[in-house]
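One letter stands for each residue in the lines below.
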Amino acid sequence: MFRTTYAVIHLKSISHNVQQVRLAAPYSKIMAVVKANAYGHGLLRVAKSLNRLVDGFAVARVQEGVRLRKAGFQQKIVVLEGFTTHIELQNLVDYDLDVSLHSTHQLEILNDQTQSKQLAVWVKIDSGMNRLGFKAHEVHAIYEQLTACGSVKKPLNFMTHFANADDKNDSKTTQQIALFNELTANYVGEKSMANSAGILAWQDSQADWVRAGIMLFGISPFADLTGAELNLKPLMSLHSHLIAVRSISANETVGYSGTWVSSHATKLGVVAIGYGDGYPRHAKIGTPVLVNGERVPLVGRVSMDMITVDLGLDSNAKAGDKVTLWGENLPIEEIAICANTIPYTLICGITPRVEIVESQSVI
Ligand SMILES: *Cc1c(COP(=O)(O)O)cnc(C)c1O
């Protein structure tokens, strides 16, 4: 079958990437973060590939955790956003999901509802991110209240999340680590701080559990490094085909609003991919695209279903030829910079129109 626009998921690469987490954090258990449909790669597909390689999973929402349990996964599953309603709390208990507890609103619901089983809790400490969690001065009182709460499993576990760990020179992470360690020093439960950037750049943050997300997908958490430079292998490559090759003369505009004008006669390639597939609309003129493995620049605006590239006057490319948007020989980190975004948004943004093809090959 001819596939027009498709993402290849190189599942074998995931064991290599887990190995890199183990090498970087040899004394920690690994929680694989598979929120947002495993960063766009397919929740169950990725969880299956990780099944015997990691010690647990983390998801953002209760429903994501329920989906993993219903599919038969038996590891620890931590729901990072916790619960907001009684029904969500009931689901956590019914499906044996660990929960991040970050607010007094959650505590009220807990105290309001008798559980058939105890809930495993990770007390979320806000060490500087200012998103979710208890402030330093609240931690002791929360600890006491949860300890007294019969529906909570003991010992309590603790986690925090870094705001700037991707910047190796930012002392904020050092401060967050110090504050978390100080606040939890006297508590016996398990502790977790590090995301991918923490795992790779902040050894002091590794603790009992590391929470590996982006690096499992072979992508660098740092803006100045590619996954390849960190010895990671990308899971996703994104492909399409040329659907037309057209000649234009000098001084013609291409695409909506005429943002690009040809300076010379050239051949234009029209590729069947656009923001309707998840290719970033803000990819700038000059963003590299591979046509038959050769780099050519994106020209004109990205539209919903198509982009245009400057193939050059001497090109032999023709309709049907293979195009790579990221993946083999074209790091997604480079595309993210050209689109003024981060690779996370690119992989999460692949739309259902894009066919997913699983592959056992490694890029
Ligand atoms: C998403 C997330 C992670 C994983 O982050 P990466 O940068 O993808 O490794 C870890 N912890 C929390 C709380 C998260 O929300």
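Reading the values: rules and limits
- Per chain, the residues get numbers from 1 upward, laid out in the order the sequence is written.
- For this predicted model, a pLDDT threshold of at least 70 governs which residues receive local features, and a threshold of 80 or more governs which side-chain atom pairs are given and counted, while totals over whole chains, interfaces and linings are taken from all residues.
- Heavy atoms throughout the structure, all of them, feed into the side-chain values; hydrogens and water do not.
- Secondary structure counts use DSSP, requiring at least four H or I residues in a row for a helix and at least two E residues in a row for a strand, with both numbered from the N terminus.
- Any residue under 20% of the maximum accessible area for its type is buried, any over 50% is exposed, and the rest in between are partly exposed; the area is computed with a 1.4 Å probe on protein chains only.
- It only takes one pair of heavy atoms within 4.5 Å for two residues to be counted as in contact.
- His is not counted here, nor are the chain ends, while Lys and Arg score as positive and Asp and Glu score as negative.
- To locate a charge, take atom NZ for lysine, CZ for arginine, CG for aspartate or CD for glutamate.
- Each patch is built from residues lacking any salt bridge and having more than 30% relative accessible area; the joining distance is 9 Å for like charges and 5 Å for nonpolar side chains (Val, Leu, Ile, Met, Phe, Trp, Tyr).
- All accessible areas in this document rest on Shrake-Rupley with a 1.4 Å probe, and a residue is counted as covered only by the protein chains that are shown.
- Each reported salt bridge corresponds to a side-chain nitrogen of Lys or Arg within 4 Å of a carboxyl oxygen of Asp or Glu.
- A pair of aromatic rings is counted whenever rings of Phe, Tyr or Trp (Trp by its six-membered ring) have centres within 6.5 Å, and the orientation is called stacked for planes under 30 degrees apart, edge-to-face for over 60 and tilted otherwise.
- Note on criteria: charge over ring means Lys NZ or Arg CZ within 6 Å of the ring centre, with the direction from the centre no more than 35 degrees off the ring normal.
- Buried and open spaces are told apart on a 1 Å grid over the protein atoms alone, a cavity being a set of points where a 1.4 Å probe fits but cannot get out and a pocket being an open set with protein on both sides within 12 Å along at least five of seven lines. Residues with an atom within 4 Å of a point are the lining residues.
- Grid points are joined across faces, edges and corners, and a volume is the space filled by probe spheres set on the points.
- Under this grouping Gly is polar, as are all residues other than the nonpolar Ala, Val, Leu, Ile, Met, Phe, Trp, Tyr, Cys and Pro and the charged Asp, Glu, Lys and Arg.
- Strand pairing requires that DSSP identify at least two bridges connecting the strands.

**Comments concerning the overall build of the protein chain**
Right, on to step 1. Within the protein chain one finds 11 helices and 18 strands.
Right, on to step 2. Projecting the C-alpha coordinates of the protein chain onto the three principal axes gives extents of approximately 75 × 45 × 40 Å.
Right, on to step 3. Going through the 363 residues of the protein chain one by one, you find that 53% of them count as buried.
Right, on to step 4. The long-range share in the protein chain, meaning contacts at least 24 apart out of those at least 6 apart in sequence, stands at 65%.
Right, on to step 5. Side chains of the protein chain carry 33 positive and 33 negative charges; the gap between the two charge centres is 5 Å.

**Section: a negative patch on the surface**
Right, on to step 1. A cluster of like negative charges, contributed by Asp166, Asp167, Asp224 and Glu229, occupies part of the molecular surface.
Right, on to step 2. Checked against the element boundaries, Glu229 lands in the loop between strand S9 (209-212) and strand S10 (236-248).

**Quick notes on the packing of aromatic side chains**
When we look at a pair of aromatic rings, we describe it by the centre distance and by the angle of the planes.
Right, on to step 1. In this structure the tally under the stated criterion is 6 aromatic pairs.
Right, on to step 2. Ring geometry for Tyr39 and Tyr344: centres 6.1 Å apart, planes at 35°, overall tilted. Note that Tyr39 is positioned in helix H2 (residues 35-40) and Tyr344 in helix H11 (residues 343-348), a separation of 305 residues in sequence.
Right, on to step 3. What makes Tyr39 buried here is its relative accessible area of 6%.
Right, on to step 4. An angle of 80° between the planes, with centres 5.7 Å apart, marks the rings of Phe57 and Phe73 as edge-to-face. Within this pair, whereas Phe57 is found in strand S3 (residues 56-59), its partner Phe73 is found in the loop between helix H4 (62-70) and strand S4 (76-79), the two being separated by 16 residues in sequence.
Right, on to step 5. The cationic tip of Lys168 hangs over the ring face of Phe222; the distance from NZ or CZ to the ring centre is 4.5 Å.

**Description of empty space enclosed by the protein**
Right, on to step 1. All told, the structure shown has 1 cavity of 30 Å³ or more when counted by the stated rule.
Right, on to step 2. Within this model, the largest cavity holds a volume of roughly 50 Å³.
Right, on to step 3. Around the largest cavity, the lining residues are Lys124, Ile125, Asp126, Ser127, Met129, Arg131, Leu132, Thr160 and His161.
Right, on to step 4. Tallied by class, the residues present in the lining of the largest cavity amount to 3 nonpolar, 3 polar and 3 charged.

**A word on the environment of Pro352**
Right, on to step 1. Considering the arrangement of structural elements, one finds Pro352 in the loop between H11 and strand S18 (355-359).
Right, on to step 2. When the C-alpha atoms of Pro352 and Ala223 are compared, they prove to be 28 Å apart, with 129 residues separating the residues in sequence.

**Points about the environment of Leu325**
Right, on to step 1. Within the secondary structure, Leu325 is located in strand S17 (residues 322-326).
Right, on to step 2. Judged by its relative accessible area of 0%, Leu325 is buried.
Right, on to step 3. Along the sequence, Leu325 and Met236 sit 89 residues apart, while their C-alpha atoms lie 11 Å from each other.
Right, on to step 4. Not counting residues up to four positions away in its chain, the partners in contact with Leu325 are Leu238, His239, Ser240, Ile273, Tyr279, Val289, Ile307, Leu330 and Ile335.

**What to know about the pairing of strand S15 (residues 294-299)**
Right, on to step 1. Note: strand S14 (residues 288-291) against S15, 4 bridges, orientation antiparallel. Of the residues in S15, the one forming a bridge with Pro288 is Pro297.
Right, on to step 2. Here S14 folds back onto S15 in antiparallel fashion, the turn holding 2 residues, of which Asn292 has a positive phi close to 50°.
Right, on to step 3. As judged from the 2 bridges shared by S15 and strand S16 (residues 307-310), these two strands associate in the antiparallel manner. Each residue of the ladder has a partner; that of Leu298, found in S16, is Val309.

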